[in-house]
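Structure at a glance
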Amino acid sequence: MRNFSPSTTDAVDEVLTGSVTTHFVMPTFSAPALPAGVSAALPGTLNRIFALIAKMKLASAMTDAIATDLGIVGAEDDPSTHPVPKFTAEAEQGATCQCVRLKFFKYGHMGVYIESRRGTGAWEFLAIDTESPYEDERPLLVAATPEVREYRMRFWDKGTPNGDWTDVVKVTVSP
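Cut-offs used in this document
- Residues numbered from 1 in each chain as written.
- Predicted model: local features only at pLDDT ≥ 70, side-chain atom pairs only at ≥ 80, totals over all residues.
- Heavy atoms only, no water.
- Helix = DSSP H or I, 4+ residues; strand = E, 2+ residues; numbered from the N terminus.
- Rg over C-alpha atoms; globule rule 2.2 N^0.38 Å.
- Buried < 20%, exposed > 50% of the residue type's maximum accessible area, 1.4 Å probe, protein only.
- Areas by Shrake-Rupley, 256 points an atom, 1.4 Å probe, with all protein chains shown as cover.
- Pairing = 2+ DSSP bridges.
- Contact = heavy atoms within 4.5 Å.
- Axes fitted to C-alpha atoms, helices over the stretch in contact; angles between N-to-C directions.
- Core = buried A, V, L, I, M, F, W, Y, C linked by side-chain atoms within 4.5 Å.

Observations regarding the overall build of the chain
Per the secondary structure count, the chain includes 3 helices and 8 strands. For the chain, the α and β elements follow one another from N to C terminus as α-α-α-β-β-β-β-β-β-β-β. In terms of overall dimensions, the chain is more spread out than a globule: its C-alpha atoms have a radius of gyration of 24 Å, far above the 16 Å expected for 175 residues. Burial analysis of the chain (175 residues in total) assigns 23% to the buried set. As displayed, the chain offers around 12500 Å² of accessible surface, 58% of which is attributable to carbon and sulfur atoms.

This is the structure:
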């Protein structure tokens, strides 16, 4: 993998600025054979490891000393160090429209309360979401006319929005 990435970059440079007069063939990646005695892992290995660790932590015989020895205890994330959710907004082409994907971190809170504003309109409630990402698939206000959408979030816990609003993030959505 380490050798393949630079060779791909070199190939792209050659296609863009090279002087070869024949058709260029991009390099192909061939994974090396596994070492003797090693078998391929099934997909989802990391999820299975995390599930095993979660079960181990809940076991009645698990102590802090054992968990520390196993290296499965880390520093707790203090929610008070995150006064607002963290999020990104990115336009992407959907099946029937250009949509906005909001990826967020809720830092131990139940969810996020999302508001949006389009054009010169007022802020409007968009969603309460407990799992990232959220997809804004609303149609354009004026068909075939690009629009700027603004987003902001705050935490949502036990049926109530709380905390400060995030900074506003703007995304242009096109037809």
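More follows now that the structure is in view.
Concerning the pairing of strand 6 (residues 147-157)
In terms of burial, strand 6 is largely enclosed, as 10 of its 11 residues are buried. Here strand 3 (residues 111-118) pairs with strand 6 via 8 bridges, running antiparallel. Looking at the pairing, R118 lines up with R149 of strand 6. When strand 6 meets strand 8 (residues 169-173), the two strands line up antiparallel, connected through 5 bridges. Within the sheet, the bridge partner assigned to E147 lies in strand 8 and is V173. When strand 6 meets strand 7 (residues 160-162), the two strands line up antiparallel, connected through 3 bridges. If you follow D157 over to strand 7, its bridge partner there is T160.

As for the side chain of S116
Relative to the helices and strands, S116 is located in strand 3. When sequence neighbours within four positions are dropped, the list of residues in contact with S116 reads A122, W123, E124, L126, R138, E150 and Y151.

Brief notes about the pairing of strand 1 (residues 86-93)
The side chains of a regular strand alternate, first on one face of the sheet and then on the other. As paired elements, strand 1 and strand 2 (residues 98-105) share 8 bridges and run antiparallel to each other. Paired with A91 across the two strands is V100, which belongs to strand 2. Where strand 1 hands over to strand 2, the hairpin turn is made up of 4 residues, counted between the paired strands.

Here we look at the side chain of R152
Relative to the assigned elements, R152 resides in strand 6. The buried category is assigned to R152, whose relative accessible area is 18%. The residues touching R152, leaving out its near neighbours within four places in the chain, are F87, Y113, I114, E115, W123, W165 and T166.

Quick look at the sheet that holds strand 5 (residues 134-136)
Reading across the sheet, the 3 strands line up as 1-2-5 and stay open at both edges, with antiparallel pairing between neighbours. Single-partner strands in this sheet number two, and they are strand 1 and strand 5. Each neighbouring strand pair of the sheet contributes to a mean axis angle of 25°, computed without reference to strand direction. Sheet topology note: the strand 2/strand 5 ladder contains 3 bridges and is antiparallel. Directly across from V100, in strand 5, lies its bridge partner D136.

A few points about the nonpolar core
V100, L102, I114, Y134, Y151 and M153 are the most contacted members of the largest nonpolar core, which has 15 residues in total. For this core, the secondary-structure elements that each account for two or more residues are strand 1, strand 2, strand 3, strand 4 (124-129), strand 6 and strand 8. At 3 residues, the largest contribution of residues to this core is made by strand 2.

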